[in-house]
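# Remarks on the overall topology
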Amino acid sequence: MIQFALPSFLFSLLLLEVLSSYIFRRWERGVSLINGGILNLVAVLLWRLPSDTLLFSIPFVPVTLDLRAGIWEYGFRFQLTQNNEPIVVIVLLLLGTGMLLTAVASQGVVFPPSMLLIGAGYIGIALMVDAPISPVFLAPVSIAILMTVSVFPIQAGITGEALGSLRAILPPILATPFILLAAWNMEQLPLNPQDIRLAAGGAQLLGVGLLVLLAPVPLHSAQPQLGESSPPIAMALTILLYQTLALFLYFQATSSFPMLFGSTALNVWLTSTAAITLVWGGVAAAAASHPGRLLGYAMLHDWGLILLLLAGSDDRSRPMVVSLFALRILSTMSAAAGLAQLRQATGSLEPDRLQGVGARLPWSTAAFLLGSLGLAGFPLTAGFSGHWSAIQALAEGDWRFAAVVLIASGSVIFGFVRMVGIFFGRLENAHVPRERPLGVVFSVLAILLVTGMAIVPQLFEGPISRTLLSFD
Amino acid sequence: MAELWASVPAHVILGIVAGLPVILWDWRIALPGLLFVQIGISGLVGAVYGLSAPWPAVHLVVLFIAFLILLLSILQTSNVHVHQSGEFSSRLFRLLVLGIAALLVWNASEGIELPLLSDASKMLFLWLAAVALLTLGMTETALFGGVGLLLWLIPVQAFLSVLFPLPAVIVMLGILQLLVALACSYLILAEDDVLTSYEVPSTDPELAPGIQRRQSIAAGAQVLWYGCAYWFFSLVGRRQKTVVRNG
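These numbers were taken from a predicted model, which means no experiment stands behind them.

To continue, consider the overall build of chain B. Along the backbone of chain B there are 11 helices and 0 strands. Each of the 247 residues in chain B was classed as buried or not, and the buried ones make up 49%. Taking as baseline every contact in chain B between residues at least 6 positions apart, the subset at least 24 positions apart corresponds to 70%. For chain B, the accessible surface area stands at approximately 12,200 Å², while carbon and sulfur atoms represent 71% of it.

The next thing to look at is the interface of chain A and chain B. Taken together, the contacts link 55 residues of chain A with 54 residues of chain B. Of all residues in chain A, Arg26, Trp72 and Trp184 of chain A give up the largest surface area on contact with chain B, accounting jointly for 13% of the area buried on that side. Our count for the contact surface shared by chain A and chain B stands at 1 salt bridge. The partner of Glu113 of chain B in a salt bridge is Arg197 of chain A, and the shortest N-O contact between them spans 2.1 Å. There are 2 residue pairs in polar contact (both at pLDDT 80 or more) connecting chain A and chain B. Broken down by secondary-structure element, the contributors of at least two residues to the side of chain A that touches chain B are strand 1 (2–5), helix 1 (6–23), strand 4 (71–73), helix 5 (135–155), helix 6 (163–168) and helix 7 (170–188) of chain A. The element contributing the most residues to the side of chain A that touches chain B is helix 7 of chain A, with 11 residues.

Residue and element names in this part refer to chain A. Here the structure, examined in full by the defined rule, presents 12 aromatic pairs over all chains. Measuring from ring centre to ring centre gives 5.8 Å for Phe11 and Phe78, while their planes differ by 85 degrees; the resulting arrangement is edge-to-face. With Phe11 in helix 1 and Phe78 in strand 5 (residues 76–78), the pair connects residues that are 67 residues apart, well separated along the chain. Members of the aromatic cluster, connected to one another through ring pairs, are Phe368, Phe416 and Phe423. Sitting over the ring of Tyr22, Arg25 keeps its end group 4.4 Å from the ring centre.

A general feature of soluble globular proteins is that nonpolar side chains tend to end up buried together. Among the nonpolar cores identified, the biggest contains 249 residues, and Tyr122 and Leu206 of chain A are the most heavily contacted of them. At 17 residues, the largest contribution of residues to this core is made by helix 10 (residues 232–256) of chain A.

For the rest of this paragraph, the subject is the pairing of strand 3 (residues 63–66) of chain A. All names here are of chain A. Every second residue of strand 3 is oriented toward a common face, with Val63 and Leu65 on one face and Thr64 and Asp66 on the other, all of them buried. Here strand 1 runs beside strand 3; their pairing, made up of 4 bridges, is parallel. Bridge assignment links Phe4 to a residue of strand 3, and that residue is Leu65. Pairing geometry for strand 2 (residues 55–57) and strand 3, over 3 bridges, is antiparallel. Within the sheet, the bridge partner assigned to Ser57 lies in strand 3 and is Thr64.

This part is about the pattern of salt bridges. Any two side chains of opposite charge can pair if their charged atoms end up close together. Residue and element names in this part refer to chain A. The full count for this structure, using the stated rule, is 7 salt bridges over all chains. For Arg293, the salt bridge goes to Glu228, with nearest N and O atoms at 2.7 Å. With Arg293 in helix 13 (residues 291–310) and Glu228 in helix 9 (residues 222–229), the pair connects residues that are 65 residues apart, well separated along the chain. Ionic pairing is found between Arg328 and Asp302, a salt bridge with its closest N-O pair at 3.1 Å. Here Arg328, found in helix 14 (residues 317–346), pairs with Asp302, found in helix 13; they are 26 residues apart in sequence, far enough to count as distant. In this structure Asp302 comes out as buried when scored by relative accessible area, which is 1%.

With that settled, consider the packing of helix 8 (residues 196–214) of chain A against helix 10 of chain A. All names here are of chain A. Here helix 8 crosses helix 10 at 160 degrees, and the two axes come no closer than 10 Å. By the angle between their axes, helix 8 is roughly antiparallel relative to helix 10. Note on packing geometry: the crossing formed by helix 8 with helix 10 is left-handed. On the side of helix 8, the interface is formed by Leu206, Leu210, Leu213 and Leu214, while helix 10 contributes Tyr242, Ala246, Leu247, Leu249, Tyr250 and Ala253. Looking at the contact of helix 8 with helix 10 residue by residue, the class counts come to 10 nonpolar, no polar and no charged.

So, about the sheet that holds strand 1 of chain A. Residue and element names in this part refer to chain A. Spatially, 1-3-2 is the arrangement adopted by the 3 strands of the open sheet, whose pairing is mixed. Because the sheet does not close on itself, it has two edges, and the strands there are strand 1 and strand 2. Recorded for the sheet is a direction-independent mean angle of 25 degrees between the axes of neighbouring strands. Across the sheet, helix 1 touches strand 1 and strand 3, and the angle it forms with strand 1 is around 90 degrees.

Here we take up unusual backbone geometry. Residues and elements named next belong to chain A. Between Val217 and Pro218 the backbone carries a cis peptide bond, its omega angle lying at 10 degrees. One can find Pro218 in the loop between helix 8 and helix 9. At Phe60, a residue that is not glycine, the phi angle is positive and equals roughly 65 degrees. Take Phe60: its relative accessible area is 88%, and that puts it in the exposed class.

Here the focus is the environment of Arg426 of chain A. Structurally, the position occupied by Arg426 of chain A is in the loop between helix 18 (399–423) and helix 19 (437–455). Judged by its relative accessible area of 66%, Arg426 of chain A is exposed.

On to the packing of helix 14 of chain A against helix 16 (residues 362–375) of chain A, then. Residues and elements named next belong to chain A. Two numbers describe how helix 14 lies on helix 16: the axes approach to 7 Å, and their chain directions differ by 150 degrees. Note on packing geometry: the crossing formed by helix 14 with helix 16 is left-handed. Packed against helix 14, whose contacting residues are Arg328, Ser331, Thr332, Ser334, Ala335, Gly338, Leu339, Gln341 and Leu342, the element helix 16 presents Ser364, Thr365, Ala367, Phe368, Gly371, Ser372, Gly374 and Leu375 at the interface. Of the residues that constitute the contact of helix 14 with helix 16, the class distribution is 6 nonpolar, 10 polar and 1 charged.

A separate point is the domain arrangement of chain A. Residues and elements named next belong to chain A. Parsing chain A into structural domains produces domain 1 (1–264) and domain 2 (278–472). Centre-to-centre, using C-alpha coordinates, domain 1 lies 23 Å away from domain 2. Across the contact, 49 residues belong to domain 1 and 38 residues belong to domain 2. For the pair domain 1 and domain 2, the interface holds 2 salt bridges. On the surface where domain 1 and domain 2 come into contact, there are 7 residue pairs in polar contact (both at pLDDT 80 or more). Secondary structure elements with two or more residues in the side of domain 1 that touches domain 2: helix 2 (28–48), helix 3 (85–102), helix 9 and helix 10. The biggest single contributor to the side of domain 1 that touches domain 2 is helix 10, with 15 residues. Taken together, the residues of the side of domain 1 that touches domain 2 break down into 32 nonpolar, 14 polar and 3 charged.

About the cut-offs
Residues numbered from 1 in each chain as written. Chains lettered and ligands numbered in written order. Predicted model: local features only at pLDDT ≥ 70, side-chain atom pairs only at ≥ 80, totals over all residues. Heavy atoms only, no water. Helix = DSSP H or I, 4+ residues; strand = E, 2+ residues; numbered from the N terminus. Buried < 20%, exposed > 50% of the residue type's maximum accessible area, 1.4 Å probe, protein only. Contact = heavy atoms within 4.5 Å. Areas by Shrake-Rupley, 256 points an atom, 1.4 Å probe, with all protein chains shown as cover. Buried area = accessible area lost by both parts, 1.4 Å probe. Salt bridge = Lys/Arg side-chain N within 4 Å of Asp/Glu carboxyl O. Polar contact = N/O pair within 3.5 Å; in protein donor to acceptor, adjacent residues only side chain to side chain. Phe/Tyr/Trp six-rings, centres within 6.5 Å; stacked < 30°, edge-to-face > 60°. Lys NZ or Arg CZ within 6 Å of the ring centre and 35° of its normal. Core = buried A, V, L, I, M, F, W, Y, C linked by side-chain atoms within 4.5 Å. Pairing = 2+ DSSP bridges. Axes fitted to C-alpha atoms, helices over the stretch in contact; angles between N-to-C directions. Parallel < 35°, antiparallel > 145°, perpendicular 65-115°, else oblique. Left-handed = near helix turned anticlockwise from the far one by under 90°. Nonpolar A, V, L, I, M, F, W, Y, C, P; charged D, E, K, R; others polar. Domains from an automatic or database assignment.

Written as structure tokens, this is what we have:
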């Protein structure tokens, strides 16, 4: 019986998947289905195992996993802890879902291996518990490296427009020096405990670094641009993986350095930039006619609301942030699944080629519309419960914020009403093929998940409480 | 030598060279300019701030490789935006913006603390960061996006190496610089519609399908075999280490 530390197993598994998806790239559909299935299975198993389990024997294979053992390489220590377990599971689920969806709508030959490699990197960041500098401070450099690699799957050989990919890598690269300089200040604190400028300077730098990393306006432009120019699943995965780790880092930093809020105006910076972000997302969505760009603006609006709640920094806002982000993942993946199939069928997401496709591809269109509307908190979609509680919480503090959110959400919904007009108008292109059976299965699953979460939102309560416990 | 690098004229020359690409907006000036700035900054952190021997040279080698990566793509592309340097009026506008940025940096530098750096070096590093941000703000192409990002990373790499002379930090920032160059180099080619319309990537199975498929599978199997053998070997070694440390 061979015994592996869990990080070794995860990295080995992902490396094998990277190699298999590259070598057998001609059989992309089959390989993606197998790889995606395995990743989802590992994620579910990891989540369902009781937290005190130390060893796990893999059925039919003489391998035992030591779940809490760590590995050391070059001064870095990787270990699964209660703290990082939810992030590892989310990354695995996102990767697994992305691979499964690739089976119905190809995102380019380079997508599966490169995205798996990037996913392995994100898991590495989440598992890092010790490093030459505190992992909280070193994580932005690693995220910057991974976002730079992400340029390849999100550009996916598409010619012409390249600025979206370029802008996607800006926030982590710009944030890196601020956060590392904050690390130096924090490291000097025990040597000069009397020097209050060190603590205040460190907190200021960390606050600025985190704000840049969270990428509100004016660092937002990658989201809508990628929505228009990149393959939808690649875009959704890149943005969601990045934001998952950025939020994790934010929670870790604010837990480790509570003075962050006392010594800086981080709340004010976050509130003002988040309000502009959500308003801009709403206003621009109302005018967008490209469905990918519209999805990008809807995501931007939703991200602005999450940042606005993050600025609350009290015990009530944190569960709402986690809940909204979980619903965001669900809505975005559903919308991306539908949009990717529309793109696959029509060959382009230009509005004139999508005229009337709703009649020919009803399930994909429904998955896209329901998922996207969830990002605006439309009733009977996944995002409704999260948006409703967020608006109530904001109204208790200042009703004007709640009104702004409502108006911006209304703008996003208006944008999608126009899109419904395009999708269900007269069919322009009679050569658009009908949906494939596997595509219908995935679209129906997405619709069921999105509407199911709207009807029974308490299904998310257990996972959200466990995630919250891990952040405390 | 340390006196030369620490002198104010050396700092001023580096600052001017860094600002020139913004005004002239030409890759023939921008890429050598980056290299020149890196030589100066490596000399500065090595001679004045005592960064130990291999690291200043490593910084230089990394940027030289990044320079070559970008150059290869520039030589292949036919994109007019890469090869043209703009009108006189736009140069004048950029000169004006650069002047305003210089005044702002001059004013703001007193309130900003960069530990372990002299005033002149602090001013130079802030100026380089400001020029990088201006380049990023004004660019519409991947080429100058890459130039801006590398110009941002040169002072970041140098300053953080002085603060944390740890191999892990220096290596990670070096990897980031190389990846930025690779990504921008790829985007320069992606921006060129003409090039990508007839150039097929060598990994594409649609190119001579039969041969490509056989070669792909044979080469892939070889890579897989060597890779698995090495991975297993290192895994067993690491597992033993892990057992000992956990014990």
